[in-house]
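Results of the structural survey
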Amino acid sequence: MTSGHGNAAYLPGPPLTERDAEWRAHGICFKTGPPGRLGVELEWLVKDGSDPALPVDQQRVTAALDRLDAPQALPGGGRLTTEPGGQVELSSAPASGLGGCVSAAADDLAALRGALRSAGLLLAGQGVDPIRPPRRVLDAPRYVAMEQFFDRGGPWGRVMMCSTASVQVSVDAGHEGPGPAGFRWRWHLLHAIGPVLVAAFANSPIRMGRPTGWKSTRQVAWSRLDATRTRAPAHAEPPTATGASNGWPEHTDPRSAWVSYALDAEVMCVRQPDAPCWDAPAGLTFRDWLRGAGDRRPTADDLTYHLSTLFPPVRPQGHLELRMIDAQPGDGWIVPTAVVSALVEDPEAAQAAMAAALDLWHGHWPRPGPGSDPAESLWQRAARLGPADARLAKASRCCFEEAQAALIRRGAPRPIRDAVNAFAEHYVQRDRCPADDRLDEARAAGRHPDHHHESDMSLEGQP
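Residues numbered from 1 in each chain as written. Predicted model: local features only at pLDDT ≥ 70, side-chain atom pairs only at ≥ 80, totals over all residues. Heavy atoms only, no water.

1. Observations regarding the overall build of the protein
- When helices and strands are counted, the protein shows 18 helices and 10 strands.
- Looking at the protein residue by residue over its 463 residues, the buried ones come to 56%.
- Carbon and sulfur atoms make up 52% of the accessible area of the protein, which amounts to about 18,200 Å² in all. (Helix = DSSP H or I, 4+ residues; strand = E, 2+ residues; numbered from the N terminus. Buried < 20%, exposed > 50% of the residue type's maximum accessible area, 1.4 Å probe, protein only. Areas by Shrake-Rupley, 256 points an atom, 1.4 Å probe, with all protein chains shown as cover.)

Below you can see the structure in the form of structure tokens.
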């Protein structure tokens with residue numbers, strides 16, 4: 001989730017018409033041009049160095065981060081923000097290639113770790129907090145409104161806001177034309193391989209000290225939130241029937257689909273000057289607001305802010321931001337950054353990954369029950385089983401093999417290639433993911449008896 005708008009004040013302006021809003025959203029979503037830039041956002045849980053089960057006083061975190069406010073304190077030029085539950089997010093500066101992105105982010109991360117270490121704090125690369133309950137520590141009006149909004153649908157909003165962390169990789173949208181460098185291809189490719197990335201990098205099997213029955217509990221939390229802002233827009237994912245070119249009907253338009261998605265999503269926040277909470281009326285969509293519902297008419301600034309409250313698996317913000325990957329331990333974030341970059345930037349790898357993903361989505365998937373969503377079934381199966389599912393494991397192996405070959409072709413730095421190779425050997429080739437290590441550790445410590453029957457019930461009703 002994005003944290004940079006937490007204290008953004010309402011900027012008055014002329015009211016938008018529905019047509020103006022569509023035009024503005026259309027222009028914001030996909031900034032096309034020659035691709036090549038890469039960025040990564042690293043979310044981290046913050047823990048007490050002496051006892052990870054202890055709640056952390058946010059003042060300790062703030063004091064440590066204040067040391068990094070000086071010029072050049074972050075040598076790679078990145079930016080630090082704080083999430084509602086106290087998670088720290090490091091956003092790298094956009095880089096012209098994989099090596100530059102990883103180098104700059106690693107330098108900034110070293111500075112961040114040093115500042116927190118001096119305060120007795122540690123960064124934990126876990127998709128969901130395995131021990132502590134969700135606890136909101138930021139009182140910005142945005143987060144108060146967000147909590148109230150998600151509370152209408154159950155406990156999962158608080159889990160997502162306060163207990164989850166991810167690796168978010170951002171790539172250029174691509175150019176206007178066809179083929180692997182075009183924005184339509186990239187948009188569809190990233191959605192097609194999304195469940196593969198969920199499965200390969202799943203790293204959140206334990207919450208509140210117990211196995212949840214899911215390899216990526218973080219992904220499950222997202223799937224149970226407001227669908228108008230967390231599921232993929234229309235025609236983004238592969239259709240379940242074969243026959244269309246590259247799996248999609250030729251007429252699909254990602255821009256128009258995104259505009260409809262954005263305007264038909266419910267409004268989470270209505271900013272008001274000097275108000276302690278910016279909650280919105282239940283059920284109010286942005287399109288409703290444009291058409292006269294609500295206490296005032298929305299402005300262009302309201303639209304920009306509304307777009308920042310949408311959290312689909314791939315979010316178009318000019319560039320394309322992948323949001324489905326669990327946080328990774330240590331420097332494991334380098335691997336998904338490299339794999340995504342290789343599969344998107346290398347035409348040969350992109351085509352092979354697309355073929356493997358379409359084989360996964362098309363006709364080879366167990367049919368869900370009546371009235372259920374086949375696409376959701378695949379995302380949730382990836383979250384539940386990870387690469388223990390044979391079809392997901394096959395697609396994962398193909399994607400990693402193509403990424404490894406692409407990294408060699410593109411001259412990626414040897415340490416990055418070594419990190420990807422080591423991950424593939426330890427996990428992908430053995431049909432495992434980082435979550436399996438966490439479960440093995442829990443078994444060894446006696447916290448995960450073999451007779452335990454994991455199920456959704458281990459999650460229901462928990463805050």
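2. Describing the environment of P413
- Considering the arrangement of structural elements, one finds P413 in the loop between α16 (390-409) and α17 (414-426).
- In the structure, P413 is positioned 313 residues away from G100 in sequence and 9.7 Å away in space, judged by C-alpha atoms.

3. Remarks on helix α2 (residues 58-66)
- Of all the positions in α2, only Q58, V61, A64 and L65 are classed as buried. Around the axis of α2, the buried residues are gathered within 125 degrees of arc, so they sit on the same side.
- Looking at the buried side of α2, the elements it contacts are β1 (38-48), β2 (79-82), β3 (88-91), α3 (98-117) and β4 (121-124).
- At the N-terminal end of α2, a side-chain oxygen is found 2.9 Å from the backbone nitrogen of Q59, two or three residues along, and the residue is D57. (Arc of directions from axis to C-beta. Contact = heavy atoms within 4.5 Å. Polar contact = N/O pair within 3.5 Å; in protein donor to acceptor, adjacent residues only side chain to side chain.)

4. A few points about the pairing of β2
- Direction of pairing for β2 relative to β3: antiparallel, over a ladder of 4 bridges. Each bridged residue has a counterpart across the sheet, and for T82 the counterpart in β3 is V88.
- Taken together, β2 and the strand that follows it, β3, pair antiparallel across an intervening segment of 5 residues, in which G86 is found at a positive phi of about 95 degrees. (Pairing = 2+ DSSP bridges.)

5. Considerations on the pattern of salt bridges
- Per the counting criterion, the structure on display carries 31 salt bridges.
- As a salt-bridge pair, E18 and R291 come within 2.8 Å of each other at their nearest N and O atoms. Highlighted residues: E18 in helix α1 (residues 18-29) and R291 in the loop between α11 (286-290) and α12 (300-307), separated in sequence by 273 residues.
- Residue class for R291 comes out exposed when judged on its relative accessible area of 59%. (Salt bridge = Lys/Arg side-chain N within 4 Å of Asp/Glu carboxyl O.)

6. Considerations on α16
- Compared with an ideal rise of 1.5 Å per residue, which puts 20 residues at 28 Å, α16 spans 29 Å between its outermost C-alpha atoms and is within 8% of the ideal.
- Of the positions making up α16, those classed as buried are L392, A393, A395, S396, C399, F400, E402, A403, Q404, A406 and L407.
- Taken from the residues just after α16, G411 is the one with a positive phi, measuring 70 degrees. (Expected span 1.5 Å × (residues − 1).)

7. Details of unusual backbone geometry
- For M208, which is not glycine, the phi dihedral falls at a positive 55 degrees.
- As for its position among the elements, M208 is in the loop between β6 (206-207) and β7 (210-211).
- In this structure M208 comes out as partly exposed when scored by relative accessible area, which is 35%.
- One non-glycine residue, D431, lies in positive phi territory at about 55 degrees.
- Positionally, D431 belongs in the loop between α17 and α18 (434-444).
- In this structure D431 comes out as partly exposed when scored by relative accessible area, which is 32%.

8. Some remarks on the environment of G85
- Position of G85 among the secondary structure elements: in the loop between β2 and β3.
- By relative accessible area, G85 is classed as partly exposed at 22%.
- Separated by 77 residues in the primary sequence, G85 and C162 have C-alpha atoms spaced 3.7 Å apart.
- Apart from the residues lying within four places of it in its own chain, the contact partners of G85 are R135, R136, V137, M161 and C162.

9. Observations regarding the packing of α1 against α12
- Running from amino to carboxyl end, α1 crosses α12 at an angle of 45 degrees, the nearest separation of the two axes being 11 Å. The angle between α1 and α12 places the two elements in the oblique class. Note that α1 runs across α12; the crossing there is right-handed. On α12, the residues that touch A21, R24, A25 and I28 of α1 are A300, L303, T304 and L307.
- Split into classes, the residues belonging to the contact of α1 with α12 amount to 6 nonpolar, 1 polar and 1 charged. (Axes fitted to C-alpha atoms, helices over the stretch in contact; angles between N-to-C directions. Parallel < 35°, antiparallel > 145°, perpendicular 65-115°, else oblique. Left-handed = near helix turned anticlockwise from the far one by under 90°. Nonpolar A, V, L, I, M, F, W, Y, C, P; charged D, E, K, R; others polar.)

10. Focus on the nonpolar core
- Ranked by internal contacts, the top residues of the largest apolar core, which has 108 residues, are L112, I193, W333 and F400.
- Once residues lying within four places of it in the same chain are set aside, the contact partners of I193 are L343, A353, A357 and C399.
- In terms of nonpolar packing, the next biggest core, distinct from the first, is built from 22 residues, F150, V159, M160 and C269 among them. (Core = buried A, V, L, I, M, F, W, Y, C linked by side-chain atoms within 4.5 Å.)

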